[in-house]
Structures are given as structure tokens and as C-alpha cells.
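Each chain is listed here by its residues.
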Amino acid sequence: MMKIPYPITYILYITTSFAFGISIALKFNSNYFFYISLIISFILIAISIILAVYNKNSFFILIISVFFLGYSYTISRYYNIFLSPLKEFNKEIKAYNCKIIDYDGVVNFRDRYIAYVDKVYDGENWYNYAGKIRLYHNSAKPIYINDTITVYTKINLYKNLLTNNINIVKALENQMLYGVSSIYPYINFTVQKEAFSILNFLNRIGLYFRNTIKKSLAEHIEPISYSVAQCIITGDKNIIPADINQYFINSGISHILSISGLHISMILFILFTALSFFPINFYNKIFISTIITIIIYPTVSIFSVSIVRSSIMALCILISYYFDRNRNNVNSLFLAALIILLIEPNSIKEISFQFSFLATLGIILYYPIYNFYIISKIKNLKINAFLQNIFITILGFLAINIISLISILPLNIYHFKILNLNSIIANIFAVPLSFIILSSSLITIFTYQIFNSLSIYPAKTTEFAANLLIELSKGISDFQYLRYNFELNMYIAIFVTFVIMLIGLLLNIKINKSI
């Protein structure tokens, strides 16, 4: 096999090739060439194995075969949707058959599920049309994940509901969400097949913990601040007033309210710091804090897709830290991406996955460069050690924020058609405030369980920080001078992102050769 310079690894090429195959399949939304692609991939794999047996270079043939595997795998996963997508059904849907595939929390006092529809009824005939819908459930009769049900009510397709919001329709269709339906107390539905899922049990535990968190915070925090604080922990944005939510969007810090990798990293840091008071070595502290986080936090978030993805990334990077002391995090991140795409190929089209992956990759690539060229020089300065550590910490925090924002900037402009330089300023203050809110909220929750009256002190810290965050978002939202309407072609955005990451890779290779 050919020698590849660190930090470029075989898994990087394999994941990239697999992702490219997925992208082509999703771009054309067609079942054509499925069997041809599958045959080609197996032939190429067989050739690469034969070449490997005879000690010949088979790497590039293997990479090409992975592309065809990604293409074939995606078509096989979404075969029925590509064949007859629900969005193309042009008659009124009066009943449908579906499988409950995910629980999506409580919205407006109703349980919301994601359901996969495979048959629809127009009042005369059943048709084989497939796609996902949001299903609101308000009936006394329960439904569970993996249940197959027939519902005798209509589906409102988003293309008919949101005729003036084409961009929203496209964003939903990128998630293969084509419509919405409701089961009210008087709506009849039949459970065709009951199915067991461990997620049903875990969701009940998650809801219990979530309710405990909300009750603990609501005791001593005023309502507006509480709505933001509980959202930063649980991700529940339903009770945040619409105007405040818009402030966060306009100021470019709405990601603070959507729990993701940022929140995972904060929880990890809090647990790691807490474990510093115990006689545990560095690697074991990483192991314990990561395991606790990826077990508990996804459950509390009711298995939010973004948190599950971030947990997979955290687990892969943990393996890198714990078992590979050289810590090639590029390898770990691309392995995590491959696992995520195997679980749900359509993740590649979702903004949350793109931003989370690129921000993490940017930090992995550029923070060592910043550390090599800047931090190393600061450490050589003859200044007070305490002041030096504070200065390094502040600069490191600013560097991580700037690296993350630059890493996602091209795709951010493409998706939202706006260049919001306010977000750079806002995030410098918003991320530390969200960390204070998160950490003081955790202290509030724990002290509330032990001694209610004691929890008022951390609760007031949470309230103060939440009010500051709201005022920050409002102030920057009102400042319009650094917000520009700007459109960027998708291919140009991808190319610019590729160049940004390539420069980081090349600089890492240079640094590793010089060490």
C-alpha cells in the first residue's frame, strides 16, 4: 500500500469517496444504474483483493469501488422514495399506512413523531408513494417507535401548505420530509403491527429527566430567562418567545439554542474539570467524561439527531485519544462521518451535519497550526505564569470561535444567502455566556434535588447570564451595518470550503514533518 502523509489517512479517502457516491445518488433521485453500479463495485473490490494478494497497489481501485458502493447503498436505502416520492402525489390523501421511526419531542402540548409513509389512499384506491412526514399525536391510544399503523386522516403536503416559502419546502424535502398529519382524540387509527424498540424505554427516561431539569430551573428563574436557559440544556425551543428567537437568528447565534457538538464539548469540559479533583490520570478523565456525556445527553435531548451525530464524533475521537496517543483526530472525524452516513445517507444534505462536521474539521486542522505558530511564541515570553495562562486561554477560545466560523462561512452564505459579520462579534460573547448558563444550570439542577433553597444562588447566576445573552442578541440584531445580502453558488461554496480545508491539511503535513 502507498504511504500517505500524516494527518491524511486511508479513512479520509474512503469516507470522501463514499460521500461522493451518496451525493450523486441524492442529486439525481433516480433508481437508474442501481444494479450496474452494484456489479461494478463488487468487481472492483474483487480486483483490489487480488492485487493486494500479489502485493500490488490496489488502493485507488478500492476507492473507486467505494464510490459505487455509496451510490448503490443510497439507492437501496431510499429505493421506494426515489421510485414514487410522496411529494409527487397530486390527489387528496384521506388515509395512509406508515411506520413510526422516531420521536421528535413535545410541540404545542402534543407528541410529535417522524413517520415513514409507504401507502396513501385517495378515497378510492391505495397507491405506493413513499416519504417521511411529521405526525402529531394527541390521542389517548398510544403509539410507539417501530409500530406500523394505518391512519384515517389526511396528510397536508408541504408543497401545498407553504406555497410562499419555497426555500423552507426545499429545506424540508432535503430531509425527505414531505408533509404533516395529526391524530386527534376523535381520529381513528389502527395498529397493524406492534414492535418493540429500546428507544421507547429510553425516551420515557429522557422525558423524565427533561421534566426534572425544567422543574428545577423554573423554580427560581423568571419565565423569559428560563425559556432560554432550559433550551440551552434540553434543546426545547417551543416556549421561547418568537421575537427573542428572531433576535438570535438575526445576530447569527441561533446555534446556541440548537443543542449540538458545541453543547457536547461544554458538557465534556465541565465533567473533565470536575474529575480534576480526583486522582485520575488524563486519559481516564477523558474516557469517563466522554462516556457519561454520550450516554446521558442524547437521552435528555430525546435523541436529537444533531446530538446523536455529535456523540458518534465524540466517541470516535475518544477512541483516538485513548488508544492512539498520537491522536490523529482527522482520522477519527472521518470515521465518525462514515458511520453517520451509513446510518442515514441523507444526513449529507442536512445543514446541521455539514456545519458540525466542517466546524470540527476546521478546529482539528487549524488549532494545531495556531498552537505551533502563536502559542509556542507566547509561552516563550517572560511574563507572570498566571497571566500567561489566562492570556493563552482567552486567545485559544477566540481562535476556536474564529476557526469554526470561517470553516462554515462559504456554506453558510450558500444556505442563508447572507454574509453576517455580526455573528463573529456575537459569538465571541455568546459562547462564554452560554457556557456560564449551562454550567450554572447544572449546579442549579443538582442543588435543587438536594436542598431546594440552596439552588436559588446558581439559579440567579443562570438568570443573569441568560438576560445578558438575550440583550446581546437584541443589540446585535438591531445593528444592521455588518449584514449583507450575498449569494454564492453551491459549487463555488464547496470549492472554497475544500480550499480552506486543503490549506489546513498541507500546513499540518508541513508542521508534522518539522517536528
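Residues numbered from 1 in each chain as written. Predicted model: local features only at pLDDT ≥ 70, side-chain atom pairs only at ≥ 80, totals over all residues. Heavy atoms only, no water.

### Here we look at helix 7 (residues 198-218)
- The end-to-end C-alpha distance of helix 7, which contains 21 residues, comes to 30 Å, matching closely the 30 Å that a straight helix rising 1.5 Å per residue would cover.
- Every buried residue of helix 7 is accounted for by Asn200, Asn203, Gly206, Arg210, Ile213, Lys214, Ser216 and Leu217.
- For helix 7, the elements touching its buried residues are strand 1 (95-107), helix 8 (223-234), helix 11 (282-300) and helix 16 (422-450). (Helix = DSSP H or I, 4+ residues; strand = E, 2+ residues; numbered from the N terminus. Expected span 1.5 Å × (residues − 1). Buried < 20%, exposed > 50% of the residue type's maximum accessible area, 1.4 Å probe, protein only. Contact = heavy atoms within 4.5 Å.)

### So, the environment of Ile443
- Assignment of secondary structure puts Ile443 in helix 16.
- As for Ile443 and Asn90, which are separated by 353 residues in sequence, their C-alpha atoms are 54 Å apart.

### What about the pattern of salt bridges?
- Summed over the entire model, instances satisfying the criterion amount to nine salt bridges.
- Between Lys460 and Glu463 there is a salt bridge, and its shortest N-O distance comes to 3.3 Å. Taken together, the residues Lys460 and Glu463, both in helix 17 (residues 456-478) and three residues apart, mark about one turn of the helix.
- Since its relative accessible area comes to 40%, Lys460 is described here as partly exposed.
- Overlapping salt bridges bring together Arg77, Lys132 and Glu344 as one network. (Salt bridge = Lys/Arg side-chain N within 4 Å of Asp/Glu carboxyl O.)

### Focus on the packing of aromatic side chains
- Under the counting rule described, the total for this entry stands at 21 aromatic pairs.
- Taking 5.4 Å as the distance between ring centres and 55° as the angle between the ring planes, the aromatic pair formed by Phe89 and Tyr127 counts as tilted. With Phe89 in the loop between helix 4 (79-83) and strand 1 and Tyr127 in strand 3 (residues 126-127), the pair connects residues that are 38 residues apart, well separated along the chain.
- Judged by relative accessible area, which is 23%, Tyr127 ranks as partly exposed.
- Plain terms: the ring middles of Phe372 and Tyr373 are 5.0 Å apart, the flat faces sit at 85° to each other, and that makes the pair edge-to-face.
- With a relative accessible area of 35%, Tyr373 lands in the partly exposed category.
- Here a set of aromatic residues connected by ring pairs shows up, and it is made of Tyr10, Tyr13, Phe59 and Phe60.
- Between the NZ or CZ atom of Lys141 and the centre of the ring of Phe189, over which it lies, the distance is 4.8 Å. (Phe/Tyr/Trp six-rings, centres within 6.5 Å; stacked < 30°, edge-to-face > 60°. Lys NZ or Arg CZ within 6 Å of the ring centre and 35° of its normal.)

### Describing the side chain of Thr299
- Note that Thr299 resides in helix 11.
- In this structure Thr299 touches Leu202, Ile205 and Gly206, once residues within four positions along its chain are discounted.

### Regarding the pairing of strand 2 (residues 110-121)
- Of the strand pairs in this sheet, strand 1 and strand 2 are connected by 10 bridges, and their pairing is antiparallel. Residue pairing for strand 2: Cys98 is matched across the bridge by Val117.
- Linkage of strand 1 to strand 2, two consecutive antiparallel strands, is achieved through a turn of two residues, within which Asn108 is found at a positive phi near 55°.
- Looking at chain direction, strand 2 and strand 4 (residues 131-137) are connected through seven bridges and run antiparallel. When the sheet's bridge partners are listed, Ala115 is paired in strand 4 with Ile133.
- Pairing analysis gives two bridges linking strand 2 to strand 3, with the strands arranged antiparallel. Looking at the pairing, Tyr121 lines up with Trp126 of strand 3.
- Once strand 2 ends, the chain turns through four residues before running back antiparallel as strand 3, passing Gly123 with a positive phi of about 105°. (Pairing = 2+ DSSP bridges.)

### Some words on the layout of surface pockets
- A volume near 580 Å³ is recorded for the second largest pocket.
- Taken together, 19 residues line the second largest pocket, and the ones lying closest to its centre are Ile213, Ile296, Leu442, Ile445 and Phe446.
- Residue assignment for the lining of the second largest pocket shows that the elements contributing at least two residues are helix 7, helix 10 (261-275), helix 11 and helix 16.
- Element by element, the count of residues in the lining of the second largest pocket is highest for helix 16, at six residues.
- Looking at side-chain class alone, the lining of the second largest pocket contains 15 nonpolar, four polar and no charged residues. (1 Å grid on protein atoms, 1.4 Å probe; cavity = no way out; pocket = protein on both sides within 12 Å on 5 of 7 lines; lining within 4 Å. Points joined across faces, edges and corners; volume = space filled by probe spheres on them. Nonpolar A, V, L, I, M, F, W, Y, C, P; charged D, E, K, R; others polar.)

### What about the nonpolar core?
- Judged by nonpolar contacts, the single largest core of 71 residues is most densely connected at Tyr96 and Ile149.
- The element contributing the most residues to this core is helix 14 (residues 351-379), with 10 residues.
- Ignoring any residue separated from it by four or fewer positions in sequence, one finds Ile149 in contact with Tyr96, Asn97, Cys98, Ile100, Leu135, Ile143, Ile183, Phe189, Thr190, Val191 and Gln192.
- Core analysis: the next-biggest nonpolar cluster, separate from the first, contains 40 residues, Ile253, Ile264, Ala459 and Ile476 among them. (Core = buried A, V, L, I, M, F, W, Y, C linked by side-chain atoms within 4.5 Å.)

### A look at the packing of helix 14 against helix 18 (residues 490-514)
- Where helix 14 meets helix 18, the closest approach of the two axes is 9 Å, and the angle between their N-to-C directions is 40°. Looking at the two axes, helix 14 sits oblique to helix 18. Considering how the two elements wind past one another, helix 14 and helix 18 form a crossing that is left-handed. On the side of helix 14, the interface is formed by Leu358, Leu361, Gly362, Leu365, Tyr366, Pro368, Ile369, Phe372 and Tyr373, while helix 18 contributes Thr497, Ile500, Met501, Ile503, Gly504, Leu505, Leu507, Asn508, Lys510, Ile511 and Ser514.
- Broken down by class, the residue content of the contact of helix 14 with helix 18 amounts to 14 nonpolar, five polar and one charged. (Axes fitted to C-alpha atoms, helices over the stretch in contact; angles between N-to-C directions. Parallel < 35°, antiparallel > 145°, perpendicular 65-115°, else oblique. Left-handed = near helix turned anticlockwise from the far one by under 90°.)

### Here we look at helix 18
- The first and last C-alpha atoms of helix 18 sit 36 Å apart over 25 residues, in line with the 36 Å expected at 1.5 Å per residue.
- Considered for burial, the residues of helix 18 that qualify are Ala493, Thr497, Ile500, Met501, Gly504, Leu505, Asn508, Ile509 and Ile511.
- Buried residues belonging to helix 18 abut helix 1 (10-28), helix 14 and helix 15 (385-416).
- For helix 18, the side-chain oxygen to backbone nitrogen distance between the N-cap and Tyr491 is 2.8 Å, and the N-cap itself is Asn489. (Polar contact = N/O pair within 3.5 Å; in protein donor to acceptor, adjacent residues only side chain to side chain.)

### Points about the confidence of the model for the protein chain
- Per-residue confidence for the protein chain averages 86 on the pLDDT scale, and 97% of its residues sit at or above 70.
- Here helix 12 (residues 305-323) stands out as the element of the protein chain with the lowest mean pLDDT, 79, in contrast to strand 3, whose mean of 95 is the highest.
- Of the regions scoring below 50 in pLDDT, residues 1-7 engages in 21 contacts with residues more than four places distant in sequence or in other chains. (pLDDT = per-residue confidence, 0-100.)

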